[in-house]
Amino acid sequence: MSTPFLLRGGRAIDPASGRDETADVLIADGLVVAISTKRGELTPPAGARVIECEGRLVVPGLIDPHVHLREPGADDKETIASGAAAAVAGGFTSVCCMPNTTPAIDLPSTVEFVQMRAQASQRARVFVAGAATVGRAGEQLAPMGAMAQVGAVAFTDDGDCVASAGMMGKVLAVCASLDKVFMQHCQDPTLTAGGVMNAGVVSARLGLGGWPAVAEEVIIERDVRLNRIHQARYHVQHLSSAGSVEIVREARAQKQPITAEASPHHLLLTEEMCGGYNTQAKVNPPLRSDRDIHAIIEGIVDGTITILATDHAPHTSAEKARDFSTAPFGMIGMECSLALYIKALVESGAISWARLIALLTIEPARLLGIDARGHGRLEPGLSGDVTVIDPTVEWTIDADEFKSKSRNCPFNGWKVKGRASNVFVAGRCLLIGDGVASAARVPSQSVRLDAL
Ligand SMILES: [Zn+2]
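Everything numeric here is computed off the predicted structure, so don't read it as measured data. (Residues numbered from 1 in each chain as written. Predicted model: local features only at pLDDT ≥ 70, side-chain atom pairs only at ≥ 80, totals over all residues. Heavy atoms only, no water.)

Chemist: Which parts of the structure should I look at to understand the overall build of the protein?
Modeler: Looking only at helices and strands, the protein features 14 helices and 18 strands. A principal-axis box enclosing the C-alpha atoms of the protein has dimensions of 65 × 50 × 40 Å. The buried share among the 452 residues of the protein stands at 60%. If you sum the accessible surface of the protein, you get close to 16,100 Å²; carbon and sulfur atoms cover 50% of it. Here the protein carries 42 positive and 50 negative side-chain charges, and the mean point of each set is 3 Å from the other. (Helix = DSSP H or I, 4+ residues; strand = E, 2+ residues; numbered from the N terminus. Buried < 20%, exposed > 50% of the residue type's maximum accessible area, 1.4 Å probe, protein only. Areas by Shrake-Rupley, 256 points an atom, 1.4 Å probe, with all protein chains shown as cover. Lys, Arg positive; Asp, Glu negative; His and termini not counted. Charge placed at Lys NZ, Arg CZ, Asp CG, Glu CD.)

Chemist: Would you take a moment to explain the confidence of the model for the protein for this structure?
Modeler: It should be kept in mind that the predicted coordinates are not to be read in detail where pLDDT is low. Summarising the model, the protein shows a mean pLDDT of 95, and 96% of its residues fall at 70 or more. Here residues 435-452 is modelled with pLDDT under 50, and outside its nearest four sequence neighbours on either side it reaches 39 contacts, counting other chains as well. (pLDDT = per-residue confidence, 0-100. Contact = heavy atoms within 4.5 Å.)

Chemist: Could you clarify how one ought to interpret the coordination of the zinc ion in this entry?
Modeler: Each donor-metal-donor angle would ideally measure 109.5 degrees in four-coordinate tetrahedral geometry, or 90 or 180 degrees in six-coordinate octahedral geometry. Only Asp158 (OD), His185 (ND1) and His238 (NE2) from the protein reach the zinc ion as donors, at distances of 1.9 to 2.3 Å. The sequence pattern describing where the donors of the zinc ion fall on their chain is D-x26-H-x52-H. One end of the pair, aspartate 158, is in the loop between β9 (154-155) and α4 (165-178); the other, histidine 238, is in the loop between β13 (234-236) and α8 (242-253), and 80 residues separate them in sequence. Histidine 238 matches aspartate 158 in its accessibility class, with the two residues each being buried. (Donors = N, O, S within 2.8 Å, 3.2 Å for Na, K, Ca; no water.)

Chemist: What's the story with the sheet that holds strand β10 (residues 181-184) in this structure? I'm lost.
Modeler: Hydrogen bonds along the backbone pair up the strands of a sheet, which may run parallel or antiparallel. Sheet architecture is open: eight strands sit in the order β6-β7-β8-β9-β10-β13-β14-β15, paired in parallel fashion. Each of the sheet's edge strands pairs with one partner strand only, and the pair in question is β6 (62-67) and β15 (307-308). Bridge count between β10 and β13: three bridges; the pairing is parallel. The residue of β13 that forms the bridge with glutamine 184 is valine 236. (Pairing = 2+ DSSP bridges.)

Chemist: Just checking my understanding: could you explain the pattern of salt bridges for this structure?
Modeler: Pairs can form between side chains of opposite charge once their charged atoms are near each other. Scanning the model with the defined rule gives 16 salt bridges in all. Linking glutamate 319 and lysine 77 is a salt bridge whose minimum nitrogen-to-oxygen distance equals 2.9 Å. With glutamate 319 in helix α11 (residues 317-320) and lysine 77 in the loop between β6 and α1 (80-89), this residue pair connects regions lying 242 residues apart in the sequence. Lysine 77 carries the same exposure label as glutamate 319, and that label is buried. A salt bridge links arginine 205 to glutamate 272, with the nearest nitrogen and oxygen atoms 3.8 Å apart. With arginine 205 in helix α6 (residues 201-206) and glutamate 272 in the loop between α9 (264-268) and α10 (290-301), this residue pair connects regions lying 67 residues apart in the sequence. When salt bridges that share partners are traced, they join Glu246, Arg249 and Asp302 into one network. (Salt bridge = Lys/Arg side-chain N within 4 Å of Asp/Glu carboxyl O.)

Chemist: So what exactly am I meant to see when it comes to the packing of α1 against helix α2 (residues 108-121) here?
Modeler: To characterise two packed helices, one gives the angle between the axes of the helices and the distance between these axes. Contact geometry for α1 and α2: axes closest at 9 Å, N-to-C directions at 55 degrees. With respect to α2, the axis of α1 lies oblique. Two packed elements cross with a definite hand, and for α1 against α2 that hand is right-handed. On α2, the residues touching Ile80, Ala81 and Ala84 of α1 are Phe113, Val114, Arg117, Ala118 and Ser121. Of the residues assigned to the contact of α1 with α2, the class counts are six nonpolar, one polar and one charged. (Axes fitted to C-alpha atoms, helices over the stretch in contact; angles between N-to-C directions. Parallel < 35°, antiparallel > 145°, perpendicular 65-115°, else oblique. Left-handed = near helix turned anticlockwise from the far one by under 90°. Nonpolar A, V, L, I, M, F, W, Y, C, P; charged D, E, K, R; others polar.)

Chemist: It is not clear to me how the environment of isoleucine 229 should be interpreted in this structure. Could you clarify?
Modeler: Along the chain, isoleucine 229 falls in helix α7 (residues 214-230). Taking C-alpha positions, isoleucine 229 is 16 Å from leucine 178, a pair spaced 51 residues apart along the chain.

Chemist: Is there a simple way to think about the packing of aromatic side chains in this case?
Modeler: Aromatic ring pairs are defined here through the distance separating the ring centres and the angle between the ring planes. Taken as a whole, this structure holds four aromatic pairs when the rule is applied. Aromatic side chains phenylalanine 411 and tryptophan 414 sit 4.8 Å apart centroid to centroid with 85 degrees between the ring planes, which places their arrangement in the edge-to-face category. For phenylalanine 411, a relative accessible area of 2% gives the class buried. The positively charged end of arginine 419 is found above the aromatic ring belonging to tryptophan 395, 3.8 Å away from the centroid. (Phe/Tyr/Trp six-rings, centres within 6.5 Å; stacked < 30°, edge-to-face > 60°. Lys NZ or Arg CZ within 6 Å of the ring centre and 35° of its normal.)

Okay, here's the thing in structure tokens:
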């Protein structure tokens, strides 16, 4: 049995129920067992540890629905265990990993392999997105029903688009019948051939192949059209352009079952960062313009975009040391994304804390269909997945301190504000910062102890 914890006097936010008030939260036996707004009403059970949470946010465990954990096949970049540890360090209690591994996650046995590895790591929960087509090759349907049966929560060929309209129609039909979300990596490959960064004046100046926004937009338009027939839950991954926001906005206005996610780098970085052939800025889809950033934030403000996702994509330093054209696409983000979301969305005044927490909890839980299992909520009787956030702590992002095995973070060295101070998964405290009273006192600020 794990140690009970009393989180005392924090600002408890549960967007699903509308709760936003000062409260004490008691975690025991793997669950949130009680929440009380009357100070002192909850007496800590024998052996409980008390964490003073005044000035902090106590929220449902954060969920990142789009990460790459690289196992099987590339455990020099990341493993399921290192990725699940990185998730906890960033405040996430659950992640959903993508199937573009080697081999691809396109069989029930591979789904089970990932689940087994995740369980053994005893860190964040890892939910699995299965491939929609065999080998993610876009030619033959993968056994999605069988993968769903062993626990795959979503389907995607992420890393690649399901480019053929014929195949896309079949995939949507299967996803609709299974009531699983299809998550599209929106990229018409015929429009991005040779592209390595956003198409525009910067790519022209650098002499690098351009990757136009329309390559993303035509796929979303086509899929919205196709999905009018199937009515599957359809999700746009890492949305990067103003035009895409427009298409999703219109489809949602027409009550189409479409959602979209935004990633930290598409909220804060532009194509200018590729200057000097900086491979840390090379990502798929590419960094675009200020205009696109504003449109994406506007989309978050008006409810067009309802989910935040890091697209955590680890690569080795050797790979990123190649020239810009041949270095791999992708950047890591789980361990700094919370502060970056705060910077882009809350500090800027775009949205409230409660809305930010919704975008990181109940919204991705609904996307993955895990809300019914109690994820994404902070309520007595539901899972003891809880994140405590210190919104005032100022810190410098240092990739060398990351639990991730990779270091390809374009935000390295940024001064940011706000960080998870405590993370509970199924009631177990996996991350503990300062402010811990009594028996759990730690010697200095921001000390991280594993598996108390
Ligand atoms: Zn992708």
